[in-house]
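Breakdown of the fold
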Amino acid sequence: MEEPIIEIVANLDTSQVFGELSHPGSGGICVFTGAVREFTNKQQVVSLEFETYEKMALGEMQKIAGEASKKWELNRIVIRHAVGVKQVQDPVVVVGASSAHRDACFEACRFLIDALKKRVPIWKKEHFSDRSVWVSAHP
Amino acid sequence: MEILLFGIAKDIVGRTSMDAMEFNQRPTSVAELKDKLRQAFPEFENLTSLAVAVNSEYAEDSILLKKGDEIAIIPPVSGG
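Reading the values: rules and limits
- Residue positions are given per chain, counting from 1 as you read along its sequence in written order.
- As they are written, the chains are lettered A onward and the ligands numbered 1 onward, keeping that order.
- Totals for whole chains, interfaces and linings use every residue, but because this is a predicted model, local features are given only for residues with pLDDT of at least 70 and side-chain atom pairs only at 80 or more, for both listing and counting.
- For the purposes of this entry, the term helix denotes a DSSP run of H or I that reaches at least four residues, the term strand denotes a run of E that reaches at least two, and both are numbered from the N terminus.
- The reference for a compact globule is 2.2 Å times residues^0.38; the radius of gyration itself is calculated from the C-alpha atoms.
- Here exposure depends only on C-beta density: within 10 Å of a residue's C-beta, 20 or more other C-beta atoms make it buried, 12 or fewer make it exposed, and intermediate numbers make it partly exposed, the C-beta atoms being placed from the backbone.
- Residues are defined as contacting one another if the C-beta atoms placed from their backbone atoms lie within 7 Å.
- Note on pairing: two strands pair once DSSP finds at least 2 bridges between them.

Concerning the overall build of chain A
- The secondary structure content of chain A amounts to three helices and nine strands.
- Reading chain A from its N terminus to its C terminus gives the helix and strand order β-α-β-β-β-α-β-β-β-α-β-β.
- For 139 residues, the compact-globule estimate of 2.2 N^0.38 gives 14 Å, and the C-alpha radius of gyration of chain A, at 16 Å, lies within 12% of that figure.
- Reported as C-alpha extents along the three principal axes, the dimensions of chain A are approximately 50 × 25 × 25 Å.
- Taken over 139 residues, chain A has a buried fraction of 37%.
- For chain A, the share of sequence-separated contacts (at least 6 apart) that also reach a separation of at least 24 residues comes to 75%.

Structure representation (structure tokens):
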């Protein structure tokens, strides 16, 4: 597999990922994009704010890409996350994989986003009109 | 020994980093650091989980802390 593309950026451009995953041996390209949703438990979100421990986050993302490339036969992997303040509908994360056939890239894509959410040190604060909450901090 | 603080940990302590010397005795292990943190700032007890990274890797409770280590408090992550 080629070196995975692993990045943390201020502004996420969702249009570049097809070109990055495209590969002569890949008949399948699967991409997941996460975006800011307007309502959380019926409360209107004004914005989301992301922060990261960048050095460690990039390291964990590399490990996740490495695990995916061992589990599936992949040609390319992209994991890219945004930080800073994001508005409703803004993209905040893009993960994707490409492979000869679709099964491998579908499964890998799911694994990439699930593993990222579980262990990459990135934190999200939800800003509502009257308060702000760190997501998942409390049971 | 600098301790980096992120997310809600930053809000609880009120700063982006602290020094291990601020505890009356310097913690020697990850478990001890967590204990001292919870004693000094009881709000940490209320979190869903509390992890520590040593030199930007997740560290088990038994890991010993050495001079020069970069330590970070990792409250529940919520990327994506």
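The structure having been displayed, the exposition proceeds.
Some remarks on the pairing of strand β8 (residues 122–128) of chain A
Residue and element names in this part refer to chain A.
- Relative to β8, strand β4 (residues 43–52) runs antiparallel, the two being bridged by seven bridges. The partner of Ser 47 across the bridge, within β8, is His 127.
- Sheet topology note: the β8/strand β9 (residues 132–134) ladder contains three bridges and is antiparallel. Along β9, the bridge assignment pairs His 127 with Ser 132.
- The turn joining β8 and β9, which pair antiparallel and follow one another in sequence, is formed by three residues.

Regarding the interface of chain A and chain B
- The interface of chain A with chain B comprises 23 residues on the first partner and 17 residues on the second.
- Those elements giving two or more residues to the side of chain A that touches chain B turn out to be α2 (54–71), α3 (102–119) and β8 of chain A.
- Here the side of chain A that touches chain B gets four residues from one element, more than from any other, and that element is α3 of chain A.

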